[in-house]
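As a plain string of letters, each chain reads:
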Amino acid sequence: MRAAVAPEPVQRSRTPHLQAVETAAVAAWGLAQGVVLHGSDRWGRCTAPDCANYFPDTTANRTEQFCSARCANRLTPSPP
Ligand SMILES: [Zn+2]
């Protein structure tokens, strides 16, 4: 009669690789939520030359040019 072999305890250590995958998954989830909320064709790209940010364009006719008020203020000449 053979003695029952106890199963080895499962190692559940979190490896850096797994954490990177989880981080990427969270980022993908966030992007997916943005697409769901705003539609995949509602993303604009900031027209500021030194800024490459994408942003959800929530204007009715998609005329938003800047990712933020900071970029808009930087490139829109202020009245004297
Ligand atoms: Zn910008």
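Note that the structure is a prediction, hence the values are computed from the model and not measured. (Residues numbered from 1 in each chain as written. Predicted model: local features only at pLDDT ≥ 70, side-chain atom pairs only at ≥ 80, totals over all residues.)

**Re the overall build of the protein chain**
The condition is simple: Helix numbering and strand numbering both begin at the N terminus, where a helix is a DSSP run of H or I of at least 4 residues and a strand a DSSP run of E of at least 2. Here the C-beta atoms are placed from the backbone, and a residue counts as buried if at least 20 other C-beta atoms lie within 10 Å of its own, exposed if 12 or fewer do, and partly exposed otherwise. Once C-beta atoms have been placed from the backbone, residue pairs whose C-beta atoms lie within 7 Å are recorded as contacts.
Within the protein chain one finds 2 helices and 2 strands. When its helices and strands are written in sequence order, the protein chain yields α-β-β-α. When each of the 80 residues of the protein chain is scored for burial, the buried share is 2%. A separation of at least 24 residues holds for 9% of the contacts in the protein chain among residues at least 6 apart in sequence.

**Comments concerning the environment of glutamate 64**
Summarising the element assignment, glutamate 64 is placed in the loop between strand 2 (54–56) and helix 2 (69–75). Note: C-alpha distance between glutamate 64 and tryptophan 43 (21 residues apart in sequence) is 9.7 Å. Once residues lying within four places of it in the same chain are set aside, the contact partners of glutamate 64 are Gly44, Asp57 and Thr59.

**Points about unusual backbone geometry**
Positive phi outside glycine occurs at arginine 62, with the angle close to 55°. Relative to the assigned elements, arginine 62 resides in the loop between strand 2 and helix 2.

**Quick look at the environment of cysteine 67**
Note that cysteine 67 resides in the loop between strand 2 and helix 2. For the pair formed by cysteine 67 and alanine 52, sequence separation is 15 residues and the distance between their alpha carbons is 8.8 Å. Excluding residues that lie within four positions of it along the chain, cysteine 67 makes contacts with Cys46, Cys51, Asn53 and Phe55.

**A look at the environment of phenylalanine 66**
Relative to the helices and strands, phenylalanine 66 is located in the loop between strand 2 and helix 2. Look at phenylalanine 66 and you get buried, because 20 C-beta atoms sit within 10 Å. Between the alpha carbons of phenylalanine 66 and cysteine 46 there is a distance of 4.4 Å; along the sequence they are 20 residues apart.

**Considerations on the confidence of the model for the protein chain**
Rules: For every residue, the pLDDT score states the predictor's confidence, bounded by 0 at the bottom and 100 at the top.
Looking at the protein chain, the pLDDT average stands at 81 and 80% of residues meet or exceed 70. Element-level mean pLDDT values for the protein chain span from 78 in helix 1 (residues 16–38) up to 92 in helix 2.

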